[in-house]
Amino acid sequence: MVVTFNVTGGEQGEWAVLQVSGELDLVTSPVLRQRVHDVVAEGHHCLVLDLSEVFFCDSSGVGVLIAARRLIRSCQGRLRLVLPARGAADGSHVNRVLGALGVRRLFDVYGDVDAALGDEGEPLSA
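Below or above, wherever it landed, is the structure these notes cover. Remember, it's a predicted structure, so these values are computed and weren't measured experimentally. (Residues numbered from 1 in each chain as written. Predicted model: local features only at pLDDT ≥ 70, side-chain atom pairs only at ≥ 80, totals over all residues. Heavy atoms only, no water.)

### Considerations on helix α4 (residues 93–100)
Where α4 is concerned, the buried positions are V94, N95, V97 and L98. Looking down the long axis of α4, one finds its buried residues gathered within 165 degrees of arc, a one-sided arrangement. Just beyond α4, the residue with positive phi is G102, at close to 75 degrees. (Buried < 20%, exposed > 50% of the residue type's maximum accessible area, 1.4 Å probe, protein only. Helix = DSSP H or I, 4+ residues; strand = E, 2+ residues; numbered from the N terminus. Arc of directions from axis to C-beta.)

Take a look at the structure:
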């Protein structure tokens with residue numbers, strides 16, 4: 001079975017949005033790290049990472065998310081993660097990994113991209 005990893009991007013208002021799909025692991029995490037750096041280098045300091053199509057995340061993937069948070073914060077920017085709304089109930093894999101490692105509280109997590117882009121929406125609780 002060949003698993004594809006993909007990162008696609010776009011802009012919505014002041015936000016850069018990266019949709020990530022596949023496995024976020026030791027092999028693929030450098031791709032996401034580079035895309036985040038590219039977005040920041042292009043002058044975007046508000047970033048939404050849509051992880052709703054990521055079905056596996058290991059510690060290197062978590063490391064990329066933490067590094068992205070650190071980079072965005074150093075630019076006085078904002079980082080929001082999108083995990084499926086069902087993640088709060090059943091727990092998406094990424095949500096479970098972040099929770100198990102005790103770093104879920106570091107991120108503003110939303111149920112979908114629209115909620116993450118809106119100013120009135122509150123992040124899902126940890």
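### Here we look at helix α1 (residues 29–41)
Compared with the 18 Å implied by 1.5 Å per residue over 13 residues, the 18 Å span of α1 between its first and last C-alpha is a close match. Looking at the buried residues of α1, the elements they touch are β1 (6–12), β2 (15–24), β3 (46–57) and α2 (59–74). Note on α1: the residue one or two positions beyond its end, G43, has a positive phi of about 100 degrees. (Expected span 1.5 Å × (residues − 1). Contact = heavy atoms within 4.5 Å.)

### Some points on the sheet that holds β2
Strand order in the open sheet made by the five strands is β1-β2-β3-β4-β5, with mixed pairing throughout. Among the strands making up the open sheet, the edge pair consists of β1 and β5 (108–110). Within the sheet, the average angular offset between the axes of one strand and its neighbour, ignoring direction, is 25 degrees. On the sheet, α4 packs against β3 and β4 (78–82) and is oriented at approximately 100 degrees with respect to β3. (Pairing = 2+ DSSP bridges. Axes fitted to C-alpha atoms, helices over the stretch in contact; angles between N-to-C directions.)

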